[in-house]
Amino acid sequence: VTISEASVFLAGRAQDAVTLQCHAETLALIQGRAIDIITDLACAHLDLPNIDSNLPGSGFPLWVLVAASTATIMVILAMGISCCCCRRWQRRWRDRRGRAAAGGALP
């Protein structure tokens with residue numbers, strides 16, 4: 001604690017809002033310094049990894065991502081085409097059944 005910080009508390013309890021604000025600011029400064037000291041002591045003995053070494057990522061290679069996206073697009077296109085073909089087949093089947101029913105109903 002510095003002399004200027006200690007002098008804030010020499011007058012005793014805060015008598016007004018301004019003095020109370022000075023006490024609070026001084027305590028915050030002291031607390032901040034104490035946290036910095038504790039953090040420095042705690043981290044000084046740890047073997048922390050170097051996070052700035054620019055190592056390659058452990059994700060998928062680019063060719064795998066391109067192949068997977070291409071396969072996904074091909075599957076979506078195949079599903080769309082098969083839906084169109086099935087609807088066309090159903091429409092033809094319905095028309096044939098309708099013509100057969102209409103032809104069989106007439107004498």
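Structure's up top.
A brief structural summary. Note that the structure is a prediction, hence the values are computed from the model and not measured.

Calculation notes
- Every chain is numbered independently, its residues counted from 1 as its sequence is written.
- Residue-level local features of this predicted model are given only where pLDDT is at least 70; pairs of side-chain atoms are given and counted only at 80 or more, and the full residue set underlies all totals for whole chains, interfaces and linings.
- Only hydrogens and water are removed before side-chain values are computed, so all heavy atoms of the structure are retained for them.
- Each patch is assembled from residues with relative accessible area greater than 30% and no salt bridge, linking like charges that lie within 9 Å and nonpolar side chains (Val, Leu, Ile, Met, Phe, Trp, Tyr) that lie within 5 Å.
- What sets the accessible areas is the Shrake-Rupley method with a 1.4 Å probe; for residues, cover comes only from the shown protein chains.
- Think of a salt bridge as a Lys or Arg side-chain nitrogen and an Asp or Glu carboxyl oxygen that are within 4 Å of each other.
- Two residue types count as positive, namely Lys and Arg, and two as negative, namely Asp and Glu; His and chain ends fall outside the count.
- Lysine's charge is taken at NZ, arginine's at CZ, aspartate's at CG and glutamate's at CD.
- Here a strand is any run of E in DSSP of at least two residues, a helix any run of H or I of at least four, and the numbering for each starts at the N terminus.
- Here's how the labels work: a residue is buried when its accessible area is under 20% of the maximum for its type, exposed when over 50%, partly exposed in between, all with a 1.4 Å probe on protein chains only.
- For the purposes of these results, a polar contact is taken to be a pair of N or O atoms within 3.5 Å, where, inside protein, one atom must be able to donate a hydrogen and its partner to accept one; residues adjacent in sequence count only when each atom of the pair is a side-chain atom.

1. Here's the deal with a positive patch on the surface
Link 1 in the chain: On the surface, a cluster of positive charge is contributed by R87, R88, R91, R92, R94, R96 and R99.
Link 2 in the chain: If you trace the backbone, R91 turns up in helix α3 (residues 62-105).
Link 3 in the chain: A relative accessible area of 43% means that R91 is categorised as partly exposed.

2. Let's talk about the side chain of E5
Link 1 in the chain: On the secondary structure map, E5 appears in helix α1 (residues 3-9).
Link 2 in the chain: Residue class for E5 comes out buried when judged on its relative accessible area of 7%.
Link 3 in the chain: Polar side-chain contacts of E5 include one of 2.6 Å to the side chain of R33.

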